[in-house]
Amino acid sequence: HWHCKKLADSIFIIFNSAVDQGYLCGDYIKFQEAEKMETIYDLIILGAGPAGLAAGLYGGRYRLNTLLVERGQDGGQIAITSDIENYPGQMVEAEESGATLIARMTKQVDKFGVHRVSASIEKVELEGPVKRLTDTKGNVYEGKTVIIATGAHPRPIGCKNEKEFLGRGISFCAPCDANFYEDMEVYVVGGGDSAIEEAIYLTKFARKVTVIHRRDQLRAAQSIQEKAFRNEKLHFMWDSVVDEVRGDGILDVMVVRNVKTGELTQVNADPDDGMFGLFGFIGYLPNTGLLEGTGLAME
Ligand code: NAP
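Note that the structure is predicted; figures quoted are calculated from it, not measured.

Thresholds applied
Residues numbered from 1 in each chain as written. Predicted model: local features only at pLDDT ≥ 70, side-chain atom pairs only at ≥ 80, totals over all residues. Heavy atoms only, no water. Helix = DSSP H or I, 4+ residues; strand = E, 2+ residues; numbered from the N terminus. Buried < 20%, exposed > 50% of the residue type's maximum accessible area, 1.4 Å probe, protein only. Axes fitted to C-alpha atoms, helices over the stretch in contact; angles between N-to-C directions. Parallel < 35°, antiparallel > 145°, perpendicular 65-115°, else oblique. Left-handed = near helix turned anticlockwise from the far one by under 90°. Contact = heavy atoms within 4.5 Å. Nonpolar A, V, L, I, M, F, W, Y, C, P; charged D, E, K, R; others polar. Near = heavy atom within 4 Å. Polar contact = N/O pair within 3.5 Å; in protein donor to acceptor, adjacent residues only side chain to side chain. Areas by Shrake-Rupley, 256 points an atom, 1.4 Å probe, with all protein chains shown as cover. Pairing = 2+ DSSP bridges. Patch = residues over 30% accessible without salt bridge, like charges linked within 9 Å, V, L, I, M, F, W, Y side chains within 5 Å. Salt bridge = Lys/Arg side-chain N within 4 Å of Asp/Glu carboxyl O. Lys, Arg positive; Asp, Glu negative; His and termini not counted. Charge placed at Lys NZ, Arg CZ, Asp CG, Glu CD. Expected span 1.5 Å × (residues − 1). Core = buried A, V, L, I, M, F, W, Y, C linked by side-chain atoms within 4.5 Å.

1. Focus on the environment of Cys176
Relative to the helices and strands, Cys176 resides in helix α4 (residues 174-177). Relative accessible area serves as the criterion here: at 39%, Cys176 is assigned to the partly exposed category.

2. What about the packing of helix α2 (residues 50-61) against helix α3 (residues 98-110)?
Packing of α2 against α3 brings their axes to within 9 Å, and their N-to-C directions diverge by 25°. In this view, α2 runs roughly parallel relative to α3, as classed from their interaxial angle. Pair α2 / α3 crosses with left-handed handedness. Listed contacts from α3 to Pro50, Leu53, Gly56 and Leu57 of α2 are Ile102, Met105, Thr106, Gln108 and Val109. Of the residues assigned to the contact of α2 with α3, the class counts are 6 nonpolar, 3 polar and no charged.

3. A closer look at the site of the ligand
Around the ligand, a shell composed of 15 residues is seen, among which Asn86, Asp193, Ser194, Arg215 and Arg219 lie nearest. A distance of 3.0 Å separates an oxygen atom of the ligand from a polar atom in the side chain of Arg214. The separation between an oxygen atom of the ligand and a polar side-chain atom of Arg215 is 2.7 Å. Protein chains bury 66% of the 910 Å² of accessible surface belonging to the ligand in isolation. Ranked by the residues each element gives to the shell around the ligand, the list is headed by helix α5 (residues 193-202), at 3 residues. The class makeup of the residues in the shell around the ligand is 3 nonpolar, 6 polar and 6 charged.

4. What about the sheet that holds strand β5 (residues 115-118)?
Read from one edge to the other, the open sheet built from 6 strands follows the order β5-β4-β3-β8-β7-β6, with strand pairing classed as mixed. At either margin of the open sheet sits one strand with a lone partner, and together these are β5 and β6 (121-125). The sheet shows a mean angle of 40° between the axes of neighbouring strands, direction not considered. Both strand β7 (residues 131-135) and strand β8 (residues 140-148) contribute to a ladder of 4 bridges, which runs antiparallel.

5. Section: a positive patch on the surface
Where like charges cluster on the molecular surface, the positive patch consists of Arg155, Arg214, Arg215 and Arg219. Inspection of the secondary structure assignment puts Arg215 in the loop between β12 (208-212) and α6 (222-230).

6. Examining α2
Taking 1.5 Å of rise per residue, the 12 residues of α2 would be expected to cover 16 Å, and the 16 Å separating its terminal C-alpha atoms lies within 8% of that figure. Regarding α2, the residues found buried are Gly52, Leu53, Ala55, Gly56, Leu57, Gly59 and Gly60. Where α2 is buried, its residues meet β3 (40-46), β4 (66-70), α3, β5 and β8. Phi turns positive one or two residues past the end of α2, at Arg63, with a value near 60°.

7. Quick look at the packing of α5 against α6
Here α5 crosses α6 at 35°, and the two axes come no closer than 10 Å. Between α5 and α6 lies a crossing whose hand is left-handed. Residues Asp193, Ile196, Glu197 and Ile200 of α5 form the contact with α6, whose participating residues are Ile224, Lys227 and Ala228. When the residues that make up the contact of α5 with α6 are grouped by side-chain class, the tally is 4 nonpolar, no polar and 3 charged.

8. Describing the nonpolar core
The nonpolar side chains of a soluble globular protein tend to be buried with one another. Formed by 24 residues in total, the largest nonpolar core has its most connected members in Val186, Val188, Ile196, Leu202, Val209 and Phe279. Those elements giving two or more residues to this core turn out to be β11 (185-189), α5, β12, α6 and β13 (234-237). Of all the elements, α5 adds the most residues to this core, at 6 residues. Dropping the residues within four chain positions of it, Ile196 is found in contact with Gly190, Gly191, Val211, Leu218, Ala220, Ile224, Ala228 and Phe236.

9. Observations concerning the pairing of strand β14 (residues 240-246)
Pairing of β14 with strand β15 (residues 253-258) involves 6 bridges; the strand directions are antiparallel. Paired with Arg246 across the two strands is Val253, which belongs to β15. The hairpin turn running from β14 into β15, its antiparallel successor, is 6 residues long, and Gly247 in that turn takes a positive phi close to 155°.

Here is the structure:
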């Protein structure tokens, strides 16, 4: 219910009198635009995952005029992680998920007066003392310093026809899609912490989960491996990679290659199920595409 009145060029008064409803709306919008353009933040943080939220906490606490930009929900990848048991300071009395952990981080950042905007940045200009970030709606955010905490996205499995089956059998998010495979067969590619933890999670839904790993040893932490080897629903295809996936609209055939012998194995869906799930957890690629061409050195 705030209203704005223009007194002279660049001088506005804002007030919340109910009597003047609708008063000078155009000027209010100009005022908002003027305010947006004139603010040069001390610090702009791109991304509100744990890294961005931690940076926001410090920026706010140092009384820097800080803007935190996030295009989706806070938390990034951890927000879709079902069970957290090794984040320092997390709840131990009750079960902790990514979502519950992040909700507390967000609250902590809010406490220090960090400005927030929901926007998808598509252009970054880093030359000069004032950096300019432009979002997909053309809004410009200016800051003296930019912290890039844009996270990463899952590395594709790299098999033939992969794109065709995204969301039709292939997934990169167990908590999002596990329930589609209730009492079905599921395959998980990878041998790291993510693959094995998510494979264990998937055994709560699927009747059988098979890990396909390119070596004959897991990379996952010993404690996670121990849990996995105790789980009767978990099986392993060692020294193997997925070459190809097929199906008529949904995934029901996969060709797996043994990297030592070259032997090809065709995996078919159980006819009663009509399909199976294939989850990829083979690492992440940084979300740095936005920064290409900005002069920043890329590894
Ligand atoms: P990661 O540790 O890099 O493991 C990636 C796995 O995918 C490895 O087993 C790797 O095989 C395999 N791989 C990589 N490229 C492949 C390809 N092109 N084809 C087939 N397989 C491929 O990744 P992550 O599991 O996502 O973990 C990332 C980081 O987060 C790690 O530091 C991890 O410890 C941490 N993390 C921790 C937790 C936890 O503490 N609870 C949970 C999740 C992740 P090789 O083993 O042969 O290299």
